[in-house]
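Examining the three-dimensional arrangement
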Amino acid sequence: MRLKPALALLPLLAAAALPALAQATSPARLQKAYEAAADAPAQAERGRSFFISRHGAEWSCASCHGQLPVDAGRHAVTAKPIDPLAPAFNPKAFTDERRVEKWFRRNCKDVVKRECTPAEKADVLAWLQSLR
Ligand code: HEC
């Protein structure tokens, strides 16, 4: 069956509209959501320790993002620069929920061999927001 041209365009139009709906958020709102999911308040110090520790694999979060992610990081394999993760030093950090979730998923698999828990995300975010 051939779709009418106007109908055939619909998926394209929907895809074009997506960036506008890119689930804009803020570091504070994300932290609240992770804390709610964890049912516990975040602890920045625990977040720092999680970030700089290796968890049985080759890398820590700091391997790519730096021990203190207020400056650009450097990818452990490709050496490509990575924007600072701390929101005070990168206004775009933690403002797009889909992007944040995508990178948490990928990076946590590399570092802890599983997805990070909401509590771990809340802790890391609390620590990153404490960096000024
Ligand atoms: C192998 C390298 C690597 C490691 C290890 C790594 N990351 Fe990343 N991370 C990246 C890259 C690359 C990006 C995309 C940055 C860019 O586009 O500038 C990124 C982006 C992110 C983002 C998205 C921030 C935003 O809003 O744009 C988060 C959150 C993040 N990383 C958290 C972590 C955490 C937590 C860990 C440890 C569990 C970790 N990363 C370990 C490479 C890494």
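First things first, this report covers the structure right here in the doc. Small disclaimer: the values here were computed from a predicted structure and weren't measured.

Those residues of helix H4 (residues 44-52) that fall on the buried side of the exposure criterion are Gly47, Arg48, Phe50 and Phe51. Along H4, the residues classed as buried sweep out an arc of 165° about the axis, all on the same side. For H4, the exposed residues lying more than 90 degrees away from the buried face are Glu45 and Ser49. Contact partners of the buried residues in H4: helix H5 (61-65) and helix H7 (118-130).

Moving on to the nonpolar core. Counting 20 residues, the largest nonpolar core has Phe51, Ala122, Val124, Leu125, Ala126, Trp127 and Leu128 as the members making the most contacts within it. Of all the secondary-structure elements, those providing two or more residues to this core are helix H3 (27-38), H4, helix H6 (97-112) and H7. It is H7 that contributes the most residues to this core, seven residues altogether. Beyond its immediate stretch of four places on either side in the chain, Leu128 contacts Pro69, Leu85, Ala86 and Pro87.

Below, the discussion takes up the environment of Phe51. One can find Phe51 in helix H4. Classification of Phe51 as buried rests on a count of 22 C-beta atoms within 10 Å. Between the C-alpha atoms of Phe51 and Ser63, which are twelve residues apart in sequence, the distance is 9.3 Å. In contact with Phe51, not counting residues within four places along its chain, are Ser60, Cys61, Ala62, Val124 and Trp127.

Here we come to the site of the ligand. The environment of the ligand is formed by 21 residues, the closest being Cys61, Cys64, Trp103, Asn107 and Val111. When contributions to the shell around the ligand are tallied by element, the ones reaching two or more residues are H5 and H6. The dominant element in the shell around the ligand, judged by the number of residues it contributes, is H6, at eight residues. Partitioned by chemical class, the residues of the shell around the ligand number 14 nonpolar, four polar and three charged.

The rules behind these values
Residues numbered from 1 in each chain as written. Predicted model: local features only at pLDDT ≥ 70, side-chain atom pairs only at ≥ 80, totals over all residues. Buried ≥ 20, exposed ≤ 12 C-beta atoms within 10 Å, placed from the backbone. Helix = DSSP H or I, 4+ residues; strand = E, 2+ residues; numbered from the N terminus. Arc of directions from axis to C-beta. Contact = placed C-beta atoms within 7 Å. Core = buried A, V, L, I, M, F, W, Y, C linked by C-beta atoms within 7 Å. Near = placed C-beta within 6 Å. Nonpolar A, V, L, I, M, F, W, Y, C, P; charged D, E, K, R; others polar.

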